[in-house]
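# Report on the structure
Take a look at the letters that make up each chain.
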Amino acid sequence: MCGIVGYVGKKNAYSILISGLKRLEYRGYDSAGVAMINVQSELNIYKTKGKVDDLVAFCDEKDTTGTIGIAHTRWATHGEPSSKNAHPHVSASGRLALIHNGIIENYITLKEKLIDRGVQFRSVTDSEVLVQLIEYIMQSNELDLLEAVQVALHQVIGAYAIAILDREHPDTIVCARQSSPLVVGLGKDHDYYLASDASPIAEYTDKVVYLNDGDIAVLQYGKTLKMVNKDNETQQPKVKQIDVSLGQLEKGGYPYFMLKEIFEQPECLRDCMRGRINVESNRISLSAVIDYREKLINARRIIIVACGTSWHAGLIGKQLFESLCRIPVEVEYASEFRYRNPVIFPDDVVIAISQSGETADTLAAIELASKSGAFVFGVCNAIGASIPRQTQTGVYIHVGPEIGVASTKAFTGQVTTLSMLALCLAQERKSIPAAMYQEMIKELASIPEKLELALRTNKQIEQLAPIFTYAKNCLYLGRGYNYPVALEGALKLKEISYIHAEGYPAAEMKHGPIALIDSEMPVFVIATRDRLYDKVISNIQEVRARGGRVTALVTEGDEQISKLADYVIELPDTLECFQPLIASIPLQLLAYHIAVCKGKDVDRPRNLAKSVTVE
Ligand code: M6R
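Because the structure is a prediction, the values reported are computed rather than measured. (Residues numbered from 1 in each chain as written. Predicted model: local features only at pLDDT ≥ 70, side-chain atom pairs only at ≥ 80, totals over all residues. Heavy atoms only, no water.)

To continue, consider the site of the ligand. The environment of the ligand is formed by 15 residues, the closest being S310, S354, S356, T359 and E495. In the environment of the ligand, an oxygen atom lies 2.4 Å from a nitrogen or oxygen atom belonging to the side chain of T359. Between the ligand and S407 there is a distance of 2.8 Å, counted from an oxygen atom to a backbone nitrogen or oxygen. Compared with its free state, where it exposes 410 Å², the ligand has 91% of that area covered by protein. (Near = heavy atom within 4 Å. Polar contact = N/O pair within 3.5 Å; in protein donor to acceptor, adjacent residues only side chain to side chain. Areas by Shrake-Rupley, 256 points an atom, 1.4 Å probe, with all protein chains shown as cover.)

All right, on to the side chain of N482 then. Within the element layout of this structure, N482 appears in the loop between β22 (473–478) and α19 (483–497). Residue N482 is classed as buried on the basis of its relative accessible area of 2%. Setting aside anything within four residues of it in sequence, one finds N482 in contact with I526, T528, D530, Q579, P580 and A583. (Helix = DSSP H or I, 4+ residues; strand = E, 2+ residues; numbered from the N terminus. Buried < 20%, exposed > 50% of the residue type's maximum accessible area, 1.4 Å probe, protein only. Contact = heavy atoms within 4.5 Å.)

Moving on: the packing of aromatic side chains. All chains considered together, the criterion is met by nine aromatic pairs. Summarising the aromatic geometry, the rings of F468 and F524 are spaced 5.0 Å apart at their centres and angled 70° between planes, so their arrangement reads as edge-to-face. Taken together, the positions of F468 in helix α18 (residues 458–468) and F524 in strand β24 (residues 522–526) put the pair 56 residues apart, joining distant regions of the chain. Residues F468 and F524 agree in their burial class; the two are buried. Centre to centre, the rings of F468 and Y567 are 6.2 Å apart; their planes meet at 85°, and the pair counts as edge-to-face. Separated by 99 residues along the polypeptide, F468 in helix α18 and Y567 in strand β26 (residues 567–571) bring together distant segments of the chain. Residue F468 is classed as buried on the basis of its relative accessible area of 2%. (Phe/Tyr/Trp six-rings, centres within 6.5 Å; stacked < 30°, edge-to-face > 60°.)

With their axes 5 Å apart at the nearest point, helix α16 (residues 434–445) and helix α17 (residues 447–455) run at an angle of 45° to one another. With respect to each other, α16 and α17 are oriented oblique. Side by side, α16 and α17 meet where E443, L444 and A445 of the first sit next to I447, P448, E449 and K450 of the second. Looking at the contact of α16 with α17 residue by residue, the classes come out as four nonpolar, no polar and three charged. (Axes fitted to C-alpha atoms, helices over the stretch in contact; angles between N-to-C directions. Parallel < 35°, antiparallel > 145°, perpendicular 65-115°, else oblique. Nonpolar A, V, L, I, M, F, W, Y, C, P; charged D, E, K, R; others polar.)

As a further point, take the domain arrangement of the protein. Split into domains, the protein comes out as domain 1 (3–247), domain 2 (251–432) and domain 3 (455–604). Relative placement of domain 2 and domain 3: their C-alpha centres are 26 Å apart. Facing the 31 residues of domain 2 at the interface are 25 residues of domain 3. Overall, the association of domain 2 and domain 3 removes approximately 2,400 Å² of surface from exposure, summing both partners, and the carbon and sulfur fraction of that is 69%. Per-residue buried area on domain 2 facing domain 3 is highest for Y256, M258 and Q319; these three make up 23% of the total on that side. On the surface where domain 2 and domain 3 come into contact, there are zero salt bridges. Among the secondary structure elements, those contributing two or more residues to the side of domain 2 that touches domain 3 are α7 (257–263), α8 (265–273), α11 (308–325) and α15 (409–429). (Domains from an automatic or database assignment. Buried area = accessible area lost by both parts, 1.4 Å probe. Salt bridge = Lys/Arg side-chain N within 4 Å of Asp/Glu carboxyl O.)

Below is the structure:
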């Protein structure tokens, strides 16, 4: 995690760095810092515990001049959040400043060696070892910064995206990447931007270079971008055009990004399906399926790897692929899969799902699957991220940048994409009747309008939310396609309101969790009209019989459940397999309004970061 930003050119660096940090704050907000070199070649470093706004207040009336600088927002791994442990870290002589995103696994060994040689450390982070090592190598071998970085990186084990300033070369930033993301933006006058993702760069240039693992870039103002590796072999920069509008990166009048992203979902799902679903010709076309048809339709098995919300989307994907395509599916936590020595066959298709495309465990699972010879397919949101670059093919969900730490539109985008993929494969495998395929395409295409109706529950949910703020524990129940929705609803509540919540398959409740039920325990049941409707009613009865308070999500017009539940939220009807898309909306809104009632910072929940680039 952690967000890093850099700039070198002729503009004031500080303002670019601060606005960049604000865009990257979703990656961590334990501490923040900046380093700039002014015209007198002084290296000014300011850092503080807390958020970017705290840094801005701290920098007030300080010298923030200079046209070169680097900045960092931290999600603490090694060392408590404090200004001492905040980045940039400065070298012993005060000549170099460095920012780092990642983890240096062998930092203790390196640190001990440096301490033996007289180097003094100021922080307890793993990151500081990098700047001290680089300076030590520079001084003892009389090397320039790039040469010292190359030597140092040969000794370093771990993940890093780093950027370094050298007070004696106030026109140059040296940066490098290994397993942590780094993007360089190319300005018009050979000025350069640098960031963990393209969002801080998009307002200045649409030309970017995504660094690959092992790349080291030298950003020298006025000079062409130089890229090499640790062995000084030249690497060819691949310039990409990005297409991110500023509106997508702003709150657009909403108090929080999360609420904006919840309300964006109808439009996002239209974008996700645009050019892919054609209702008139009754077809879904995904270029990845066209290009790799044989591999995909002949899959012996699908293994889905993902984390968190993306894993929940994977559970829905499993039901879609199994019922529509009749392909067996396993859904794995990437973090478990990667260390489990799993059986992977060459004719398995491994689908990696990730919003950010940078989740360290998912990337490691992809690497393992690729090495085992499986065909690896990515379902990702962030354009140009590591996962789409490290999979053989895949589909972007195209829901636009998701900034809120609690994932909302990415989840529905993932489920929509998996629905299209399953339908596409089902059509190719002829595993469902043509009439069913047509009905499903039509229904999927109509989901955005139904989401607009589901969003009308916002007022009702806002009014209900205060009732639940007292709760210490909540239970979410669902069955079939709605079981992962229950898991996702519980995760949303936990993440942003800090209320303990559990998602459970409704019928499993009687095998344990039923013991928890009393009048203090809110129970949210997804009870839309489907094959298991009557069974879910029985589960509601079981909760009621123990004094539990039930809030039920029901299909509009439902009269039966309104007699049983304390509160009902009515949702538009749809096919059972698409119900998760609709039922997720009120649960996202519920988590949001409960967190707001409790006065929580919805977009920056404690201890979390949006992009989990450490394992
Ligand atoms: O970027 P990814 O989809 O790979 O991220 C996976 C999880 O870290 C993520 O879904 C996390 O669980 C969200 N904060 C949930 O809201």
